[in-house]
Amino acid sequence: MAATHDGLLRVSSSPGQLQMTCTSDFLALPLTKTIVGVWWLGDLSRKPLQLSGHSRIISATCFGQKDRPLLLCTASEDFIYIWNINKLLAIDNLTSDHSSGIPVGKDLGHIQHLSFSLTDRLITACIGKEIWVLNIQTSKLDTLLEGHTSHVTCAQFSPNNGSIIVSTTHPFLSLAIDPVQDQMAIGSADGKVHMYDLTYEGGYRCLFELDVGQLLQKYWNWRETSKATSNNGPSFISSQPSWQKESIPDDEKESTLEPGTAVLAVCFIRNPQQPSAEENDAAGLHRVLFGSQSGSAIK
């Protein structure tokens, strides 16, 4: 699998322990502790759509399954809101604060993860060791799922069977099920993405692992090398091994990658050259979002 680094976002709140979400066109994550930002992936330099309404710290965001209307669900300890992104994008002043979210849950406690059903009628909310299934049309509890012995980190509706919900606990933080091929991607706290084949002899097998930490480290090394070679000054070549060279002081480093960068979200994006679900041999496109305590998010 070939992986490339497309861009870097800096936000005032740390996404290190928050659920982020994206579609093929948009990315949503907390811009501040109580305001959600929605970016257009076609140009990350554009100012994001800002959604206000929460008074407590936002812990999870999730886009709906349908494009029309494109719904976004956001959660904090005070409220769970549903936002109509298509309606908000039609407003002229896109960069102003919007507070037109529809509340579907109130005072449910800390919510680790959200997900929409295939019809966008239900959402799952991971609260402690339980999974709450809420009807967004009636704002009432539809089903309560129990059984986990530790905090549920993620729960997703199966794209092939709307009555099946797949859930994970620590150290797995995120998951995505491919709607075209029988494959599943799981992001873990150690900064790795694990891809599984779900058709292997009635069970599953790991296809590959992607080390996001190594990918980020290569990016930072490339930036340092580019900065060093961009000047017109003399080049310095040393015969000393790298571990004997003087290290750069911390205050001179623009950015560093702390160990254990967690994979907060994974999603499958349909290949436009293979739009049909029947073409199961299609090579899918994958985007990975990951965050760290430095307040960075990368797609």
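Residues numbered from 1 in each chain as written. Predicted model: local features only at pLDDT ≥ 70, side-chain atom pairs only at ≥ 80, totals over all residues. Heavy atoms only, no water.

A. Representation of the nonpolar core in the model. Residues Ile 80, Leu 114, Phe 116 and Ile 123 are the most contacted members of the largest nonpolar core, which totals 16 residues. Elements with a contribution of two residues or more to this core: strand 6 (58-63), strand 7 (71-76), strand 8 (79-84), strand 11 (113-116) and strand 12 (122-127). Look past the residues within four positions of Ile 80 in its chain and what remains in contact with it is Cys 73, Thr 74, Ala 75, Ile 102, Pro 103, Val 104, Gly 105, Leu 108, Ile 111, Ile 123, Ala 125 and Leu 134. One finds Phe 26, Val 38, Leu 49 and Leu 70 within the second-largest nonpolar core, a separate group that totals 14 residues. (Core = buried A, V, L, I, M, F, W, Y, C linked by side-chain atoms within 4.5 Å. Buried < 20%, exposed > 50% of the residue type's maximum accessible area, 1.4 Å probe, protein only. Helix = DSSP H or I, 4+ residues; strand = E, 2+ residues; numbered from the N terminus. Contact = heavy atoms within 4.5 Å.)

B. Molecular detail of the sheet that holds strand 12. An order of 11-12-13-14 is seen for the four strands of this open sheet, with the pairing classed as antiparallel. Looking at the sheet topology across the chains shown, the edges are occupied by strand 11 and strand 14 (140-145). Pairs of neighbouring strands in the sheet enclose a mean axial angle of 25°, with direction left out of account. Pairing of strand 11 with strand 12, which is carried by four bridges, proceeds in the antiparallel orientation. By the bridge assignment for strand 12, Ser 115 is matched with Thr 124. (Pairing = 2+ DSSP bridges. Axes fitted to C-alpha atoms, helices over the stretch in contact; angles between N-to-C directions.)

C. Quick look at the sheet that holds strand 19 (residues 192-197). Strands sit in the order 17-18-19-20 across an open sheet of four strands; the sheet is antiparallel. Looking at strand neighbours, the two that pair on one side only are strand 17 (172-177) and strand 20 (205-211), the edges of this open sheet. Strand-to-strand twist in this sheet, taken as the mean axis angle between neighbours without regard to direction, amounts to 20°. Where strand 18 (residues 183-188) and strand 19 come together, five bridges link them in antiparallel fashion. Looking across to strand 19, one finds that Ala 185 is bridged to Met 195.

D. Spotlight on the pattern of salt bridges. Under the counting rule described, the total for this entry stands at two salt bridges. For Glu 77, the salt bridge is made with Arg 56, and the minimal N-O distance between the two is 2.9 Å. Of this pair, Glu 77 sits in the loop between strand 7 and strand 8 while Arg 56 sits in the loop between strand 5 (49-51) and strand 6, placing them 21 residues apart in sequence. As a salt-bridge pair, Arg 205 and Asp 197 come within 3.6 Å of each other at their nearest N and O atoms. Of the residues examined, Arg 205 reaches a relative accessible area of 37% and is grouped as partly exposed. We classify Asp 197 as buried; its relative accessible area is 12%. (Salt bridge = Lys/Arg side-chain N within 4 Å of Asp/Glu carboxyl O.)

E. Layout of the pairing of strand 3 (residues 26-30). Extensive coverage of strand 3 is indicated by the burial of five of its five residues. Here two bridges tie strand 2 (residues 21-22) to strand 3, and the two strands are oriented antiparallel to one another. Of the residues in strand 3, the one forming a bridge with Cys 22 is Leu 27. Connecting strand 2 to the antiparallel partner strand 3 that follows it, the hairpin turn spans three residues. With five bridges joining them, strand 3 and strand 4 (residues 36-40) adopt antiparallel strand pairing. Bridged to Ala 28 within strand 4 is Val 38. The hairpin turn running from strand 3 into strand 4, its antiparallel successor, is five residues long.

F. Representation of unusual backbone geometry in the model. At the junction of Arg 68 and Pro 69, the peptide bond is cis and its omega measures out at -10° in the coordinates. Relative to the helices and strands, Pro 69 resides in the loop between strand 6 and strand 7. Cis rather than trans, the peptide bond between His 170 and Pro 171 has omega equal to 15°. Among the secondary structure elements, Pro 171 is positioned in the loop between strand 16 (165-169) and strand 17.

G. Structural context of the confidence of the model for the protein chain. Looking at the protein chain, pLDDT values average 78 and 70% of them are 70 or higher. Long-range and interchain partners of residues 275-285, a stretch whose pLDDT sits below 50, account for 15 contacts in this model, where long-range means more than four residues apart. (pLDDT = per-residue confidence, 0-100.)

H. Structural context of the packing of aromatic side chains. Throughout the structure, instances matching the rule amount to three aromatic pairs. Members of the aromatic cluster, joined through ring pairs, are Phe 79, Tyr 81 and Trp 83. (Phe/Tyr/Trp six-rings, centres within 6.5 Å; stacked < 30°, edge-to-face > 60°.)

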